[in-house]
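So you can see what is in the structure, the chains are spelled out below.
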Amino acid sequence: MQNTSFSTQKMIYKNFDEAADNILKMMSGQLDINTLFIAKNDRCNNKIMKVLNKNDVLLEEGGTLPFEQTFCKLSVDHGSKTLMIPDITLSDLTRDMVVTKNLGGGSFIGIPIYYEDGENYGTLCGLDNRPHNFREDVIELFETMGSLLTYVLELDDAYQQIRSLSVPLIPITKGVAALTIIGNVNEQRADTIISLALEKSQDLALDYLIIDLSGIEKINEVVSYSLLKIVNLLQLIGVTPILTGITPDVAIKAIGIGFETDDILIQSNLEQALKKIGFTLHKNDVRG
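Since this is a predicted model, take the numbers as computed values, not measurements.

How each quantity is defined
Residues numbered from 1 in each chain as written. Predicted model: local features only at pLDDT ≥ 70, side-chain atom pairs only at ≥ 80, totals over all residues. Heavy atoms only, no water. Helix = DSSP H or I, 4+ residues; strand = E, 2+ residues; numbered from the N terminus. Buried < 20%, exposed > 50% of the residue type's maximum accessible area, 1.4 Å probe, protein only. Contact = heavy atoms within 4.5 Å. Pairing = 2+ DSSP bridges. Axes fitted to C-alpha atoms, helices over the stretch in contact; angles between N-to-C directions. Phe/Tyr/Trp six-rings, centres within 6.5 Å; stacked < 30°, edge-to-face > 60°. Salt bridge = Lys/Arg side-chain N within 4 Å of Asp/Glu carboxyl O. Parallel < 35°, antiparallel > 145°, perpendicular 65-115°, else oblique. Left-handed = near helix turned anticlockwise from the far one by under 90°. Nonpolar A, V, L, I, M, F, W, Y, C, P; charged D, E, K, R; others polar.

Undergrad: What should I look at first to understand the overall build of the chain in this one?
TA: Within the chain, the secondary structure is distributed over eight helices and eleven strands. Every one of the 288 residues in the chain was classed for burial, and the buried ones make up 42%. Long-range pairs, those at least 24 residues apart, make up 63% of the contacts in the chain between residues at least 6 apart in sequence.

Here it is in structure tokens:
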């Protein structure tokens with residue numbers, strides 16, 4: 001086996017998918033194992049999320065099996081330590097499994113990946129159609145990478161929560177939601193707003209998305225371009241955007257930098273926007 005020394009100093013990832021890809025590539029370069037993969041399970045099904053095969057294609061990304069019929073379940077049942085099976089045809093755990101018969105023989109190594117609260121995400125595993133005697137440095141590498149993936153999972157989850165909170169999209173009624181943009185908008189935040197607006201519009205099957213601009217501190221070319229992009233993309237997926245909260249100051253600046261509003265629905269506030277699409281707000285007369 002090759003030297004398994006490595007450095008984690010440059011392991012900076014944007015999200016869990018990127019981390020998973022890079023970790024499998026790094027491990028594959030260090031280990032003499034045909035297939036490395038990351039699987040996710042919900043205790044019913046086991047899905048291969050990422051896989052890297054060297055010579056023989058033993059697994060394919062997206063493949064799914066009942067959780068109970070997988071080596072991954074054995075790894076999860078084994079606990080937080082690495083499960084090693086040098087020869088799957090000799091082990092009491094694996095020799096009678098359908099997976100073993102399909103492979104015809106080989107070896108398996110795996111360690112669970114956990115969320116910070118202890119809930120299991122899935123497993124980081126190695127699979128080969130040849131027997132292996134796993135050395136201590138291989139075990140250490142799997143445990144280190146399993147811990148790293150747990151850490152990245154938490155960062156990814158925290159980022160997604162912050163991302164959603166930074167662009168609050170509120171469902172109002174079936175087919176209608178409001179998106180409030182507050183504060184300064186730089187290029188990175190603009191991309192986040194566009195991405196979430198499209199994702200949520202499709203997830204909620206929106207007909208209308210009311211975009212409130214009253215909280216924008218200043219309008220510049222980035223904001224102007226982003227608003228036009230949101231409007232155009234929403235229209236392409238069949239969602240009608242309605243802009244509200246455009247103050248006189250913002251309107252003057254928008255016109256000054258060439259923001260075109262001819263084909264965009266604009267209303268003064270949320271109530272007017274809802275009236276425009278056929279909704280009326282009524283106040284209940286509540287008496288004590």
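Undergrad: Can you help me understand the pairing of strand E1 (residues 35-41) in this one?
TA: When a strand is regular, its side chains alternate between the sheet's two faces. Of all the seven residues making up E1, six are buried; the element is thus mostly covered by neighbouring parts of the structure. Of the pairings in the sheet, the one linking E1 to strand E2 (residues 45-53) comprises seven bridges and is antiparallel in character. For Ile 38, the partnering residue across the bridge sits in E2 and is Lys 50. Turn length for the E1-E2 hairpin, with the two strands adjacent in sequence and antiparallel, is three residues, and the turn residue Arg 43 shows positive phi of about 75 degrees. Bridge analysis of E1 against strand E6 (residues 120-128) gives six bridges, and the strand direction is antiparallel. Bridge pairing in E6 places Leu 36 opposite Gly 126.

Undergrad: When you look at the sheet that holds strand E11 (residues 265-266) in this model, what are you seeing that I'm missing?
TA: Where strands meet in a sheet, backbone hydrogen bonds hold them as pairs that are either parallel or antiparallel. On the basis of which strands lie adjacent, the open sheet formed by five strands has the order E7-E8-E9-E10-E11 and mixed pairing. At either margin of the open sheet sits one strand with a lone partner, and together these are strand E7 (169-173) and E11. Bridge count between E7 and strand E8 (residues 176-183): four bridges; the pairing is antiparallel. Within E8, the residue paired with Pro 171 across the bridge is Ala 177. Packed onto the sheet, helix H5 (residues 187-203) meets E7, E8 and strand E9 (208-216) and runs at close to 170 degrees relative to E8. Packing against the sheet, helix H6 (residues 221-236) makes contact with E8, E9 and strand E10 (240-244), and its axis sits at approximately 170 degrees to E9.

Undergrad: Help me out: how do you make sense of the packing of aromatic side chains in this one?
TA: For the coordinates displayed, the defined rule picks out two aromatic pairs. Ring geometry for Phe 71 and Phe 108: centres 5.2 Å apart, planes at 55 degrees, overall tilted. A residue pair is termed long-range when its members are at least 10 positions apart, and Phe 71 in helix H2 (residues 71-78) and Phe 108 in strand E5 (residues 107-114) qualify at 37 residues. Looking at Phe 71, the relative accessible area reads 5%, which means it is buried. When the centroid spacing of 5.9 Å and the interplanar angle of 80 degrees are considered together, the rings of Tyr 115 and Tyr 121 count as edge-to-face. The class of Tyr 115 is partly exposed, set by a relative accessible area of 23%. Take Tyr 121: its relative accessible area is 5%, and that puts it in the buried class.

Undergrad: What's the story with the pattern of salt bridges in this structure? I'm lost.
TA: Where side chains of opposite charge bring their charged atoms close, a pairing between them can arise. One pass over the structure, following the stated rule, counts eight salt bridges. A salt bridge links Asp 32 to Arg 130, with the shortest nitrogen-to-oxygen separation between them at 3.6 Å. With a gap of 98 residues between them, Asp 32 in the loop between helix H1 (16-30) and E1 and Arg 130 in the loop between E6 and helix H4 (136-166) connect regions that are remote in the sequence. When the shortest N-O distance is used, the salt bridge between Arg 130 and Asp 128 registers 3.0 Å. When its relative accessible area of 38% is taken as the criterion, Arg 130 is described as partly exposed.

Undergrad: What is the right way to read the packing of H5 against H6 from this model?
TA: Each pair of packed helices can be described by the angle between their axes along with the distance between the axes. For the pair H5 and H6, interaxial distance at closest approach is 10 Å and the crossing angle is 15 degrees. The pairing of H5 with H6 is recorded here as roughly parallel in orientation. Read as a crossing pair, H5 and H6 show a hand that is right-handed. Judged by residue contacts, Glu 187, Ala 190, Ile 193, Ile 194, Ala 197, Leu 198 and Ser 201 of H5 engage Val 222, Ser 226, Lys 229, Ile 230, Leu 233 and Leu 234 from H6. Considered class by class, the residues forming the contact of H5 with H6 number nine nonpolar, two polar and two charged.

Undergrad: Even after reading the chapter, I still don't get the sheet that holds E6, so can you show me in this structure?
TA: Sheet architecture is open: six strands sit in the order E3-E2-E1-E6-E5-E4, paired in antiparallel fashion. Since the sheet does not close on itself, it has two edges, and those belong to strand E3 (64-66) and strand E4 (83-85), each with one partner. Each adjacent strand pair in this sheet contributes to an overall mean axis angle of 25 degrees, direction not counted. In the packing of H1 onto the sheet, contacts are made with E1, E2 and E6, and the angle to E2 comes to roughly 50 degrees. Packed onto the sheet, H2 meets E1, E2, E4, E5 and E6 and runs at close to 55 degrees relative to E5.

The values are spatial; any link to function lies outside them.
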